[in-house]
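# Coordinate inspection notes
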Amino acid sequence: MKFFVDTADVKEIKELAGLGLVDGVTTNPSLILKSGGNIAEVTKQICDIVDGPVSAEVVATEYKEMMREAKILAKIADNVCIKVPLTLDGLKACRDIRSDGRDVNVTLCFSANQALLAAKAGATFISPFVGRIDDTGSDGMELIAEIKQIYDNYDFDTEILVASVRTVNHVKQAALIGADVVTAPPATLRALVSHPLTDKGLAAFLADWAKTGQKIG
Ligand code: E4P
């Protein structure tokens, strides 16, 4: 399973990449706003750190303008993955951007039928937003399981990129279902390592070690 980090914070990306936790990055207009930077400059800085796909989102809602924006974003670096919304114009743009050989992430997916359409449009990634579905009282992970079954039924190549991840449990469930990728905020990726028994066990080992009076080397 690949780990993408869902942020446009370059400092965070650098730190997590140093820990070997970053296979790719996802950004969106809200994350660019939060970063306080210019989309082209921030995306370039991220692409200089990360070799894997770096999603940068078009903001046009109409096909022609989406294609124009996609061309501009694609010029930033070879690993820019163009993010388009799950609309009819977005799916048309997806098909054409893919035929130019560029990766596409179809975002804002909230149903299995939407995911089916994205796969038929040749999307590299489909991004179902599990956290936002949970917020409505439904179970976001049920959607991941449905998409997994549909993609397996028809051998679609589109990778399931679990997005809007809010908890470490989302990551575990996504892995159990067999999703290809999770994109998670930096704090959630860091939290994956935490377990109170690890902390307790380490403290006990260190206390006993101190009592031996020994040193290694
Ligand atoms: C994914 O590509 C999106 O940027 C992201 O996961 C959205 O998450 P949110 O629902 O926490 O804003």
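The text that follows walks through the structure, step by step, so that each part is easy to find.

What counts and what doesn't
- Residue indices follow the written sequence of each chain, beginning from 1 at its first position.
- Given that the model is predicted, a residue must reach a pLDDT of at least 70 before its local features are reported, and side-chain atom pairs must reach 80 or more before they are shown or counted; all residues, however, enter totals for whole chains, interfaces and linings.
- The side-chain quantities take in all heavy atoms of the structure and omit both hydrogens and water.
- Put simply, a nonpolar core is a bunch of buried Ala, Val, Leu, Ile, Met, Phe, Trp, Tyr and Cys residues held in one set by side-chain atoms that sit within 4.5 Å of each other.
- Exposed residues in this analysis have more than 50% of their type's maximum accessible area, buried residues have under 20%, and partly exposed residues fall in between, with area computed by a 1.4 Å probe over protein chains only.
- Between two residues, a contact is recorded if the distance between any of their heavy atoms is within 4.5 Å.
- Whenever a carboxyl oxygen of Asp or Glu lies within 4 Å of a side-chain nitrogen of Lys or Arg, that contact is scored as a salt bridge.
- The secondary structure listing takes helices from DSSP runs of H or I that are at least 4 residues long and strands from runs of E that are at least 2 residues long, numbered from the N terminus.

### Some remarks on the nonpolar core
Across soluble globular proteins, nonpolar side chains show a tendency to be buried alongside one another. Of all hydrophobic cores here, the largest spans 61 residues; its most connected members are Ile82, Val84, Val106, Ile126 and Val162. If we ignore the near neighbours within four places in the chain, the residues touching Val106 are Val84, Pro85, Leu86, Leu91, Cys94, Ala118, Ala123, Phe125, Ile126 and Ser127.

### Regarding the pattern of salt bridges
Summed over all chains, the structure comprises eleven salt bridges. One salt bridge in this structure joins Lys11 and Glu15, with 3.5 Å as the shortest N-O distance. One end of the pair is Lys11 and the other is Glu15, both in helix 1 (residues 10–18) and four residues apart, which spans about a single turn. Relative accessible area serves as the criterion here: at 60%, Lys11 is assigned to the exposed category.

### Considering the environment of Ile72
Here Ile72 lies in helix 4 (residues 63–74). The partly exposed category is assigned to Ile72, whose relative accessible area is 47%. With 42 residues separating them along the chain, Ile72 and Ser30 place their C-alpha atoms 19 Å apart.

Bear in mind that shape data such as this cannot, by itself, settle questions of function.
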